[in-house]
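The lines below spell out each chain.
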Amino acid sequence: MFNVSLENLVDIDLEQYSLQDYQGSTPRWCSGCGDNAILSAVQKLCRDEQLPPEKTVFVSGIGCSSRFPHYMKTYGFHGLHGRALPIAQGIKMHRPDLHVFVNMGDGDCCSIGTAHWIHALRYNMNMVAIMHDNGIYGLTKKQASPTSPKGLVSNTTPQGTYMEALNPAMVNLGVTNVSFFAQAVEWVPDMLNDIISQAYHHRGFAFVRVLQRCPHFTPTMFDPLLSNPNNILVLEHENGIKLSEAAGRIYKNHESHDPSDIQKAREYAGRHDIVPVGILYRNPEVPCYDEIRRPKRVFTPEMKEAVLNREFDKFSVDIDSSEG
Amino acid sequence: MSNSNHKPQASSPAVEVEEFLKTLDTFAEPVAESLPAGPQAPERPALPFQPDEDAGPLNQALERNFAKLLEYHYTAHTSVWESLAPFPEGAFRTSVKGLMSAQLYAFRDADRLRFDYPVLLPENSADHWRLSLREVVDGLLEALADKEEASHLKRALLRVERHIKLLLPKKNGEHLSALWRKAAAAVGKESGKDASKLADELAALGKSLGVDGPLFGFTPDAPTRILGAAGQYDWHRRVAAFASELGDLLNAVSGILAADQAHSPEAHSADTLHAALGKEGSGDFDLDAFSSLLQTGKGGDGLPEARRRRIEQVLKDLKAGQKWFGGHPVMAEIADSCKGALALSRERESTFLAFFKAVHIARLEVANRYDAAGHDAFYQEFDRTALLPEERHLIPPVILSLSPEKLDAAETGALLEILNADLNIKVLLILDDFFGRPDGAKTFWQPGVAGKLASMAMNLNHAFVLQCPGANLDAMTRGFEDGIAFDGPALFAVFQPEAEERTALPAFLRSAAAGESRLMPAFTFHPGISAGLANRLNLAATPQRSALWPESSLTFLNGETEISVSLPYTPVDFLAMDGRFDDHFVAISGQVENERLLPVGEFLARSPETIERALPYVLMVDEDGRMFKVITTRAIIATARQLGESWRHFQELGGINNSFVSAILEEELARLKAEHQAEIEALENNHREEMERSLDQLGKDVVSRIAAGLLSEGPMSMAAMPVAPAAPKPKAAPEPQPAAAPAETAAPEPPAPAAEEEESIVVEDAYIDTPLCTSCNDCISLNSQMFAYDANKQAFVKDASKGTFRQLVEAAEKCPVHIIHPGKPVNPDEPGLEDLIKKAEAYN
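In short, a report on the structure.

Conventions we followed
Residues numbered from 1 in each chain as written. Chains lettered and ligands numbered in written order. Predicted model: local features only at pLDDT ≥ 70, side-chain atom pairs only at ≥ 80, totals over all residues. Heavy atoms only, no water. Helix = DSSP H or I, 4+ residues; strand = E, 2+ residues; numbered from the N terminus. Buried < 20%, exposed > 50% of the residue type's maximum accessible area, 1.4 Å probe, protein only. Contact = heavy atoms within 4.5 Å. Areas by Shrake-Rupley, 256 points an atom, 1.4 Å probe, with all protein chains shown as cover. Pairing = 2+ DSSP bridges. Axes fitted to C-alpha atoms, helices over the stretch in contact; angles between N-to-C directions. Phe/Tyr/Trp six-rings, centres within 6.5 Å; stacked < 30°, edge-to-face > 60°. Lys NZ or Arg CZ within 6 Å of the ring centre and 35° of its normal. Right-handed = clockwise from strand over helix to strand, strands pointing away. Salt bridge = Lys/Arg side-chain N within 4 Å of Asp/Glu carboxyl O. Patch = residues over 30% accessible without salt bridge, like charges linked within 9 Å, V, L, I, M, F, W, Y side chains within 5 Å. Lys, Arg positive; Asp, Glu negative; His and termini not counted. Charge placed at Lys NZ, Arg CZ, Asp CG, Glu CD. Polar contact = N/O pair within 3.5 Å; in protein donor to acceptor, adjacent residues only side chain to side chain. Parallel < 35°, antiparallel > 145°, perpendicular 65-115°, else oblique. Left-handed = near helix turned anticlockwise from the far one by under 90°. Disulfide = S-S within 2.5 Å.

### Considerations on the overall build of chain A
Argument step 1. Of the regular secondary structure elements, chain A holds 12 helices and 12 strands.
Argument step 2. By the burial criterion, 54% of the 324 residues in chain A qualify as buried.
Argument step 3. Relative to all contacts within chain A whose residues are 6 or more apart in sequence, the contacts with residues 24 or more apart total 68%.
Argument step 4. As displayed, chain A has an accessible area near 14200 Å², and 53% of this comes from carbon and sulfur atoms.

### Comments concerning the overall build of chain B
Argument step 1. Secondary structure summary: chain B contains 28 helices and 26 strands in total.
Argument step 2. In chain B, buried positions account for 42% of the 844 residues.
Argument step 3. As displayed, chain B offers around 45600 Å² of accessible surface, 54% of which is attributable to carbon and sulfur atoms.

### What about the sheet that holds strand E13 (residues 464–469) of chain B?
Residues and elements named next belong to chain B.
Argument step 1. If you trace the seven strands from one edge of the open sheet to the other, you get E8-E9-E10-E14-E13-E15-E16, paired in mixed fashion. Here the strands that pair on one side only, and so sit at the sheet edges, are strand E8 (334–335) and strand E16 (537–538).
Argument step 2. Pairing of E8 with strand E9 (residues 398–402) involves two bridges; the strand directions are parallel. Each bridged residue has a counterpart across the sheet, and for Ile334 the counterpart in E9 is Ile399.
Argument step 3. Helix-sheet contacts for helix H13 (residues 338–366) involve E8, E9 and strand E10 (425–431), and the interaxial angle to E9 is about 175°.

### Considering the packing of aromatic side chains
Here a ring pair, both rings aromatic, is described through the centre-centre distance and the interplanar angle of the planes.
Argument step 1. All told, the structure shown has 31 aromatic pairs over all chains when counted by the stated rule.
Argument step 2. Aromatic pair B:Phe242 and B:Phe356: ring centres 6.0 Å apart, planes at 50°, arrangement tilted. Taken together, the residues span a long stretch of sequence, with B:Phe242 in helix H8 (residues 222–263) and B:Phe356 in helix H13 at a distance of 114 residues. For the pair B:Phe242 and B:Phe356, one class covers both residues: buried.
Argument step 3. Taken together, a centroid distance of 4.9 Å and an interplanar angle of 85° make the contact between B:Phe378 and B:Tyr379 edge-to-face.
Argument step 4. Judged by its relative accessible area of 6%, B:Tyr379 is buried.
Argument step 5. Every member of this aromatic cluster is reached through a ring pair, and the members are A:Trp29, A:Phe58, A:Phe68, A:Tyr71, A:Phe101 and A:Tyr200.
Argument step 6. Sitting over the ring of B:Phe628, B:Arg93 keeps its end group 5.7 Å from the ring centre.
Argument step 7. Sitting over the face of the ring of B:Phe115, B:Lys165 holds its NZ or CZ atom 5.2 Å from the ring centroid.

### Quick notes on the sheet that holds strand E6 (residues 131–132) of chain B
In any sheet, the strands associate via hydrogen bonds between backbone groups, in a parallel or an antiparallel arrangement.
Residue and element names in this part refer to chain B.
Argument step 1. Taken together, the three strands give an open sheet; going across it, the order is E6-E5-E7, and neighbouring strands pair in antiparallel fashion. Both edges of this open sheet fall to E6 and strand E7 (215–216), since each of them pairs with a single strand only.
Argument step 2. By the bridge criterion, two bridges tie strand E5 (residues 119–120) to E6 in an arrangement that is antiparallel. Residue pairing for E6: Val119 is matched across the bridge by Ser132.

### Regarding the pairing of E13(B)
A regular strand carries its side chains on alternate faces of the sheet.
Residues and elements named next belong to chain B.
Argument step 1. When you tally the buried positions in E13, you get six out of six residues, the bulk of the element.
Argument step 2. Burial along E13 is two-sided: the residues Phe464, Leu466 and Cys468 and Val465, Gln467 and Pro469 are all buried.
Argument step 3. Two strands pair when backbone bridges link them, and E13 and strand E14 (residues 490–495) are joined in this way by six bridges, in the parallel orientation. If you follow Leu466 over to E14, its bridge partner there is Phe492.
Argument step 4. Read as a crossover between parallel neighbours, the route from E13 over helix H18 (residues 473–485) to E14 is right-handed.

### Focus: the pattern of salt bridges
Argument step 1. Counted under the stated rule, the structure contains 40 salt bridges over all chains.
Argument step 2. The salt bridge involving A:Asp273 is made with A:Arg271; its shortest N-O contact spans 2.9 Å.
Argument step 3. Salt bridges linked by common partners bring B:Glu305, B:Arg308, B:Arg309 and B:Glu312 together as one network.

### Some points on a negative patch on the surface
Residues and elements named next belong to chain B.
Argument step 1. Taken together, the side chains of Asp52, Glu53, Asp54 and Glu560 make up a negatively charged region of the molecular surface.
Argument step 2. Relative to the assigned elements, Glu560 resides in the loop between strand E17 (551–558) and strand E18 (561–568).
Argument step 3. Residue Glu560 is classed as exposed on the basis of its relative accessible area of 76%.

### Brief notes about the side chain of A:Lys92
Residues and elements named next belong to chain A.
Argument step 1. Relative to the elements of secondary structure, Lys92 occurs in helix H2 (residues 84–94).
Argument step 2. Here Lys92 sits buried without a salt bridge, and the closest side chain of opposite charge, Asp290, lies 5.2 Å off (N-O distance).
Argument step 3. Only 2.8 Å separates the side chain of Lys92 from the backbone oxygen of Leu98, close enough to count as a polar contact.
Argument step 4. Filtering out sequence-adjacent residues up to four positions away, Lys92 remains in contact with Leu98, Val100, Met125, Asn126, Met127 and Asp290.

### Re the packing of helix H6 (residues 176–190) of chain B against helix H7 (residues 195–207) of chain B
For any two helices packed against each other, the geometry comes down to the angle between their axes and how far apart the axes lie.
Residues and elements named next belong to chain B.
Argument step 1. Here H6 crosses H7 at 155°, and the two axes come no closer than 7 Å. On the basis of their axis angle, the class for H6 and H7 is roughly antiparallel. Both H6 and H7 take part in a crossing whose hand is right-handed. Between H6 and H7, the contacting residues are Trp180, Ala184, Ala185, Val187, Gly188 and Lys189 on the first element and Ala195, Leu198, Ala199, Leu202, Ala203 and Gly206 on the second.

### With respect to the state of the cysteines
Argument step 1. Inspection of the entire model under this criterion finds zero disulfides over all chains.
Argument step 2. Residue A:Cys214 stays outside any disulfide, its sulfur separated by 6.4 Å from that of A:Cys30, the closest cysteine.

### Examining the environment of B:Asp376
All names here are of chain B.
Argument step 1. Residue placement: Asp376 occurs in helix H14 (residues 372–380).
Argument step 2. Put simply, Asp376 and Ile361 are 15 residues apart on the chain and 9.8 Å apart in space, counted from C-alpha to C-alpha.
Argument step 3. Discounting residues that sit within four places of it in the chain, Asp376 has contacts with Arg310, Tyr370 and Asp371.
Argument step 4. A polar contact of 2.7 Å, which involves the side chain of Asp376, links it to the side chain of Tyr370.

### A few points about the side chain of B:Gln50
Residue and element names in this part refer to chain B.
Argument step 1. Relative to the assigned elements, Gln50 resides in strand E2 (residues 49–50).
Argument step 2. Of the residues examined, Gln50 reaches a relative accessible area of 10% and is grouped as buried.
Argument step 3. A polar contact is formed between the side chain of Gln50 and the backbone oxygen of Gly590, at a distance of 2.9 Å.
Argument step 4. Residues within four places of Gln50 in sequence aside, it is in contact with Phe556, Leu557, Asn558, Gly559, Gly590, Gln591 and Met627.

### What to know about a nonpolar patch on the surface
Argument step 1. Residues B:Phe660, B:Val661 and B:Leu665 make up a contiguous nonpolar surface patch of about 340 Å² in total accessible area.
Argument step 2. Given a relative accessible area of 63%, B:Phe660 falls into the exposed group.

### Description of unusual backbone geometry
Residues and elements named next belong to chain B.
Argument step 1. In this structure, the amide linkage connecting Tyr117 to the following residue, Pro118, adopts the cis form with an omega of 0°.
Argument step 2. At Asn461, a residue that is not glycine, the phi angle is positive and equals roughly 55°.
Argument step 3. Relative to the helices and strands, Asn461 is located in the loop between helix H17 (453–460) and E13.
Argument step 4. The backbone of Arg518 shows a phi angle near 75°, a positive value even though the residue is not glycine.

Here is the structure:
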């Protein structure tokens, strides 16, 4: 009609973001580091979802993985050790329109940040938290972390660690209000992308633990998984991840698991013989603190200042009159 | 002095808090309103809507006022508004200014609309004579389509296009290259950081276009420019071959004179010989003696005087005409009145007659076939009838650009003379309005004569005719091409309105809407096609030409529900957006429902007796997207009917719903039906008789069987009753013969190889299982020329020759997910290959 068509209506101000639009400074992680794979997967997610960089924020604590916000061309907050989650919660509370992501290492999350982690799970606020789990403190040159396997020799445990490693999966699934927990390995890009994408689309707090190689300090930690894919149990489901044909040929050890079944999820989480990969648990019905407590109104700094001034004026002292 | 400022107010803390909150409330905005739009919700044209409100009071108000509205419909008296019962707030508007046809709502944002204007008229391009700026930009976008790294340029290019469009109102006709430079700089500036880099990149893209020329927006003079360019392009193509022949002819004719000169006594004089030999050589010869020898020789008589004069005249005429065929801008001279065009045409014809007469004579002279006895008389009377068709084709047409205001009685007469004469004048009539007031007083605006000139010209059956809205650039330019190529007069009537205040519609859309509404049906008429009227008249450029009104789908929101309806676009919709007719339209909120309110399409289609007490309406939308039913008057409906009839007339001429054909078809159909009915009746009679005969026979058979049974006293079996002859038993299908089974098929299939047993593949070239790459940078940091990342930041072997086989093997060893396959070495002379190949085997 009218010698024009709606196809010719263009919104030239509409941005089409490419991968480069999300790439910040050049990563300074060691070559071969699994953090690169996670970074790449997250950048792909941003591109595929066309997240406006100015509406996206990455928050991290301290550690190798916590350099993540530097490498994203979005907003970022490189926070304090173990404190990424409360910072992210504050951001989400005040700016619910932002897409909030949290990147923590295993030391950051499971040691100094444990209290925040537990309560972040319970508060179930809308965001994606990715724990880069390489089982070691890498940035500070090889100290044992809570997820280091028993017997790992490190600078702080020259005789090897004495205790069994913390199982983050069990912790997650044991906390009240947990709404999403997934486990991934960084060396299978398809599965990693799929899991991160589903975490992004989850309503609530999506926690993803990514097993990640540290080529420098724990180069052989994941060899049993790399050399024998059967040590990985892929949990598939129509509501979870779907194994591609190619990946299915490599990862033959797979089972169907309904992510809404928390008991079954806990069973998988507790297994020592295999590492479950996929979405263990998901429940979008869990209440979200940020939705419940979302402010009904927003106030600009000018508004607040005006109101405060008005209140303060009630208590102002007229010097001339008091002297008189 | 008041002390209220320095004493705390006497109130409890609870009241304080409450007051504090109340104060906040006065500043507060709802969150949803103040938050920016979500990232996945880019701005798109919002749908028109009907608010989800109770329509009860509205319907009641309409019911109470229906008689008054009917009075308005019949009389167009706006005085009825004074006695109307009140409508709910905002639900009734006596003016529709600012409202837009619902069908056009989607196109309301003119800045975001990409259409065929601006038009580029390329200079010195062999491939195109016109291109729209959109095509130019789309060409660049296509070239950049696969380049991920150029995505910022793709966005910026559309901004360049927009900037050029913004610049055009002041720079109409400026060259694309200049406009591009300015727009590129502006876009660079907008982008903030890297401004000069982006501007440079865009400027470089502009330079890479390979076409340049003036650019014209949708302005009233654009069709004249476009027609000029079409004419010039056509002329260049036409004369290319002749220009070369003309050069040869000039050389040959000059040669005759030169040869004559060489034989003349002057050429043989001692002085001329002396001059020819120069100072050095002349001393050695007795040139006087040589000259006298030459003078006495035979064959020195030279050309006859009459022939020489004739050839000299021919040469002069040829040279005078030569300028037309050497890049002369023949279409630059555009007449602006019919009389001027006639004079120019006559002048051009006499110039070209003299020229072609010279060409004819020159051809005869060069072939030495000019016979003065016969040819002199013929060329004395040389006129256009003596021209060959291909020569007539070489006379450049005169272009006449007319505006309807200039068409007084004398000019209209001259126009008819042009269109009916054997003259090659191409008339461009640029219309910017269809309506006039014949007596200049209070009569209703009516369709004027200018808008009908094209159909009048068609009836002369002599001139090529094009009528179309200027917005339909394709139809217009095709029409220009055909009209220019036509050997005779042509009339191009183009609706190209100026942007004006009386309508909120951009000029381009107004032009397109005229075509849609049948005010300006697009057609061409080519009298040179002899295969019947249906072929001569072409309505293909009119949208939905088989229909009375073009229909389009409109989607709107009713509360939360999306509703799609099919709407015709009629002259009523068009006129509702023309401020001059504002008194003829009144708007009621779109939610109003009444069975006596009829959509205009239905109103126009109904018989008069069924619409006596009904009101016609069209759908319009206000600035906020709210829908209104806009009621119109009988006068507007009468205009719409008149235009509809004109369109029906065109359709019939073009062979669509032709009434003669319909009548014949109906007759033929009735005849066939009658024949068919007769056949059916005959068959039924036949069948009935057969049945009766069979039943009769059956009765007899049954009786005889019963009688036989009774006589034999045997049990009577039903099976014995010959009720009907048994159907012949279908012949049993032959048993499938076992084909001579080859021995191998009989043998059991060899078991399929187990899935685990994969064939061993010999890897020749290095490659990476890219989808499995974890972007760990190992290989890239080893050799970034050999390995690279794709658009998904996953590695692939970019060029194995950019490094050594050793590096390939090293990368394979280093790769944490073992997805690099080094293949075989490219360079057989690389040191240590034996060892490396052995290592590579593990990864291939």
